[in-house]
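Fold and geometry: a report
Take a look at the letters that make up each chain.
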Amino acid sequence: AMIKAKAVYEATGLPVIADDSGLCVDFLGGRPGVHSARYAPDGEKCSKLLSEMTDVPQEKRRASFNCTIAYIDDDCSFTVSGECLGYIGYEERGENGFGYDPIFMYGDRSFAEISAEEKDKVSHRADALRKFEARIKGE
């Protein structure tokens, strides 16, 4: 996120906010992580991840969505990070969301099964944005 922010700041000289996010799976050593967007072609990400998790028991399927927001201006630069803990399910479930949402289980539902409003309250991006807001306000 900070690499993106610095590049835009150097090109424009204007204050910049940038973010980066990814899905980190404990069993896979944190993969796909920052490579989540290019882990597999669109429409194949979930199936590829599920194939790597074949026969992995429930207790080893822990995962988290992570988001880092970077800020830079003439006077300061900083990052904040947010996280949402869950686990990788055994099949794609739900019609909402995008990316890995159908296999990321939050409680007994996938991110693709919860409403956008609920996801906005508990997601890694929401967590990071709350921290960003507090930092900007000086809290």
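A short tour of the structure in this document, coming up. Model, not experiment: these values are computed from the prediction.

**Examining the sheet that holds strand β5 (residues 104–106)**
- Spatially, the 6 strands line up as an open sheet ordered β2-β1-β3-β4-β5-β6, and their pairing is antiparallel. The open sheet has two edge strands with one neighbour each: β2 (32–33) and β6 (109–110).
- Relative to strand β3 (residues 62–72), strand β1 (residues 16–25) runs antiparallel, the two being bridged by 10 bridges. By the bridge assignment for β3, Asp20 is matched with Thr68.

**Focus: the pairing of β1**
- Bridge count for β1 against β2 is 2 bridges, and the pairing is antiparallel. Looking across to β2, one finds that Cys24 is bridged to Pro32.
- Hairpin geometry of β1 and β2 is characterised by an intervening segment of 6 residues between the two adjacent antiparallel strands and by a positive phi of about 65° at Gly29.

**Thoughts on the pattern of salt bridges**
- Summed over the entire model, instances satisfying the criterion amount to 9 salt bridges.
- In this structure, Arg31 engages Glu52 in a salt bridge whose closest nitrogen and oxygen atoms are separated by 2.7 Å. Within this pair, whereas Arg31 is found in the loop between β1 and β2, its partner Glu52 is found in helix α2 (residues 45–52), the two being separated by 21 residues in sequence.
- By relative accessible area, Arg31 is classed as partly exposed at 38%.
- In this structure, Glu113 and Arg93 form a salt bridge, with 2.9 Å as the shortest nitrogen-oxygen distance. In this pair, Glu113 sits in the loop between β6 and α3 (116–122) while Arg93 sits in the loop between β4 (77–88) and β5, placing the two residues 20 residues apart along the sequence.

**Quick notes on the environment of Ser36**
- Within the element layout of this structure, Ser36 appears in the loop between β2 and α2.
- The class for Ser36 is buried, based on a relative accessible area of 5%.
- Leaving out residues up to four positions away in the same chain, Ser36 has contacts with Gly22, Leu23, Lys45 and Tyr100.
- Polar side-chain contacts of Ser36 include one of 2.9 Å to the backbone nitrogen of Leu23.

**Considering the packing of aromatic side chains**
- What the rule picks out here adds up to 8 aromatic pairs.
- A centroid spacing of 6.4 Å and a plane angle of 50° characterise the contact between Tyr39 and Tyr100, whose relative ring orientation is tilted. Placement of Tyr39 in the loop between β2 and α2 and of Tyr100 in the loop between β4 and β5 is noted, with a sequence separation of 61 residues between them.
- Judged by its relative accessible area of 10%, Tyr39 falls in the buried class.

**Section: the side chain of Lys45**
- With respect to the helices and strands, the residue Lys45 is situated in helix α2.
- Exposure remark for Lys45: the relative accessible area of 9% places this residue in the buried category.
- Engagement of the side chain of Lys45 in a polar contact is seen with the side chain of Asp42, the distance being 2.7 Å.
- Contacts of Lys45, omitting those with residues within four sequence positions, involve Ser36, Ala37, Tyr39, Ala40 and Tyr100.

Parameters and conventions
- Residues numbered from 1 in each chain as written.
- Predicted model: local features only at pLDDT ≥ 70, side-chain atom pairs only at ≥ 80, totals over all residues.
- Heavy atoms only, no water.
- Pairing = 2+ DSSP bridges.
- Helix = DSSP H or I, 4+ residues; strand = E, 2+ residues; numbered from the N terminus.
- Salt bridge = Lys/Arg side-chain N within 4 Å of Asp/Glu carboxyl O.
- Buried < 20%, exposed > 50% of the residue type's maximum accessible area, 1.4 Å probe, protein only.
- Contact = heavy atoms within 4.5 Å.
- Polar contact = N/O pair within 3.5 Å; in protein donor to acceptor, adjacent residues only side chain to side chain.
- Phe/Tyr/Trp six-rings, centres within 6.5 Å; stacked < 30°, edge-to-face > 60°.

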